[in-house]
Amino acid sequence: MAEEETRHLVVGRLRKPHGLQGDCAIFPLTEDPDLAYAPGKAVWLKNLAGELVAGPLQIERSRVYHRQWLVAFKGHLHIDAVKPWGGHFLAVEAAGLKPPADGEVYVHELEGFAVQDSDGTPLGLVTDMVELPSGLMLEVQGPRREFLLPFKKEFVQTVDRAARRLTVRLPAGMLDQ
């Protein structure tokens, strides 16, 4: 697969170097850091704009350290080699991650999902995701207008990843004009 076609998912944020041997303190942004940070795994660095800035890098070693992980990269085993990477994000190829379980989905996949109520009535398409302090909100383009739908269990009843469809229970009056 060509580089521009490969989707890289962020699995951690590089905080700062740890020690002199090139270890980086990484705050995990994945439920499976032991899989994402496994020795031998290929990873890439992304900047705040979401652009790939380095990689593929091969993980030399990794271990849990308090609420973070310490990760070192082959060929970059000195503090001076990794110091400029602070604040970047660690990304892996989506194909290298464990697929979501039944009823789960990667957030980036939600755009374009059809939304229907529990009776099967189409309500619209997910066109964007908005991260708010209260949680993830889905922007849904309905037949008359767009609305924000909280991506929470009390509203999203089922996620059908194969059919790219969400079945939801809307709060009373949400679609009223």
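Note that the structure is a prediction, hence the values are computed from the model and not measured.

K.L.:
What is the right way to read the nonpolar core from this model?
P.N.:
Side chains of a nonpolar character, in soluble globular proteins, are inclined to be buried together. Residues Ile26, Tyr37, Phe73 and Leu90 are the most contacted members of the largest nonpolar core, which totals 20 residues. In this view, tyrosine 37 contacts Val11, Gly12, Ile26, Phe27, Pro28, Leu29, Thr30, Ile59, Ser62, Trp69, Val71 and Leu90; residues no more than four positions away in its chain are not counted. Formed by 16 residues, the second largest nonpolar core is a distinct cluster that contains Val105, Val126, Val140 and Leu166.

K.L.:
How should I be thinking about the pairing of strand S7 (residues 114–117) in this particular structure?
P.N.:
On a regular strand, each side chain points to the face opposite its neighbour's, so the side chains alternate between the two faces of the sheet. In this structure, S7 lies alongside strand S8 (residues 122–132), joined through 3 bridges in antiparallel fashion. If you follow valine 115 over to S8, its bridge partner there is glycine 124. Between S7 and S8, which pair antiparallel in sequence order, lie 4 residues; one of them, glycine 120, sits at a positive phi of approximately 90°.

K.L.:
I would appreciate a short explanation of the pattern of salt bridges in the present structure.
P.N.:
Pairs can form between side chains of opposite charge once their charged atoms are near each other. Applying the stated criterion to the full structure yields 3 salt bridges. Across the pair glutamate 109 and arginine 161 runs a salt bridge, and its minimum N-O distance is 2.7 Å. With a gap of 52 residues between them, glutamate 109 in the loop between strand S6 (89–93) and S7 and arginine 161 in the loop between strand S11 (156–160) and strand S12 (165–168) connect regions that are remote in the sequence. Classification of arginine 161 as partly exposed rests on a relative accessible area of 33%. With a closest N to O distance of 3.4 Å, arginine 165 and aspartate 160 form a salt bridge. Residue classification places aspartate 160 among the partly exposed positions, given a relative accessible area of 29%.

K.L.:
Any chance you could explain unusual backbone geometry here in plain terms?
P.N.:
Among all residues save glycine, negative phi is the norm, and among peptide bonds the norm is trans. Notably, histidine 66 is not glycine yet its phi reads approximately 55°, a positive angle. Residue classification places histidine 66 among the exposed residues on the basis of a relative accessible area of 67%. Unusually for a residue other than glycine, arginine 164 sits at a positive phi of about 55°. By secondary structure assignment, the location of arginine 164 is in the loop between S11 and S12. By relative accessible area, which is 34% here, arginine 164 ends up partly exposed.

Definitions and limits used
Sequence order as written defines residue numbering, which begins from 1 separately in each chain. Under the rules for a predicted model, residues below a pLDDT of 70 receive no local features and side-chain atom pairs below 80 are neither given nor counted, while totals for whole chains, interfaces and linings still include all residues. As a convention, hydrogens and water are excluded, and side-chain values are obtained from all of the structure's heavy atoms. Throughout this description, the term nonpolar core refers to a set of buried Ala, Val, Leu, Ile, Met, Phe, Trp, Tyr and Cys residues connected via side-chain atoms within 4.5 Å. Only protein chains enter the accessibility calculation, which uses a 1.4 Å probe. A residue is then buried if its area is under 20% of the maximum for its type, exposed if over 50%, and partly exposed in between. Contact between two residues is taken to exist if any of their heavy atoms lie within 4.5 Å; hydrogens are not considered. A pair of strands counts as paired when DSSP detects no fewer than two bridges linking them. Secondary structure elements follow DSSP: runs of H or I no shorter than four residues count as helices, runs of E no shorter than two count as strands, and numbering proceeds from the N terminus. Definition used for salt bridges: Asp or Glu carboxyl oxygen within 4 Å of a side-chain nitrogen of Lys or Arg.

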